[in-house]
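Spelled out from the first residue to the last, the chains are:
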Amino acid sequence: YMDGAWKTCHFFTCDGTVRFDFQDDKRVVTGETEEQKKADGFEEFIMQWQDEHLRDFNEKRRNMTKEEIYTPDFDIMLEKIRNAEGEERVALQRNFNPADYLTEKGKAMKAAGDSLMSAFSTERVAYLAQHPSLSGLKYVLDELQYSKKDENRVQGVIDFYEKNLENYRPEHPYHDKVSMAVAAYRLKP
């Protein structure tokens, strides 16, 4: 929170003991239930993948200055947003897209990051297909909620769900949430 951001820590409430350890900026949740063990395995997979594939990219990104990433117009627009009020500020914020202010170097970093995130998504889906779990259902819910503008991605998530997770613990309430999200996505005027 003091750094201006935080990482969420997901856990599943099931019969059994769930233990939380918060030490040295690591958020480790361990549990005795089978579902929590699956969640632990998924989290371990994510951490390992990120460590192997994102470490160099993140280091390079951290070492870049704002001026290397964004054009001078970026700061001008931020100042304009800060000084605006009411409806004008809301409109400016709604239409503000930092990607519109990238330098060539910034565009190259964004393209590299987008490529890494696409590969990461593919690897997560492959892992979850091999290890059905509530973590997989949570992933589907998150993707349906946050990927609404990317129709191909949403359809891919729906296909993944129907092929791999639709019959996994069918009594779990996540299925109702997924069904509602899918129905909302498919609802057209």
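Residues numbered from 1 in each chain as written. Predicted model: local features only at pLDDT ≥ 70, side-chain atom pairs only at ≥ 80, totals over all residues. Heavy atoms only, no water.

### Considering the packing of aromatic side chains
Part 1: The full count for this structure, using the stated rule, is 8 aromatic pairs.
Part 2: Between Y70 and F74, the ring centres sit 3.9 Å apart and the planes meet at 10°, which makes this aromatic pair stacked. Exposure class is identical for Y70 and F74. Each is buried.
Part 3: Arranged with centres 6.5 Å apart and planes meeting at 85°, the rings of Y139 and F160 form a pair that is edge-to-face. In this pair, Y139 sits in helix α7 (residues 134-146) while F160 sits in helix α8 (residues 151-165), placing the two residues 21 residues apart along the sequence. Here Y139 matches F160 in class, with each residue buried.
Part 4: The ring of F120 has R124 sitting right over it, with the charged end atom 4.3 Å from the ring centre.
Part 5: Lying across the ring of Y185, K188 places its NZ or CZ 5.0 Å from the centre. (Phe/Tyr/Trp six-rings, centres within 6.5 Å; stacked < 30°, edge-to-face > 60°. Buried < 20%, exposed > 50% of the residue type's maximum accessible area, 1.4 Å probe, protein only. Helix = DSSP H or I, 4+ residues; strand = E, 2+ residues; numbered from the N terminus. Lys NZ or Arg CZ within 6 Å of the ring centre and 35° of its normal.)

Keep in mind these values describe shape, not function.
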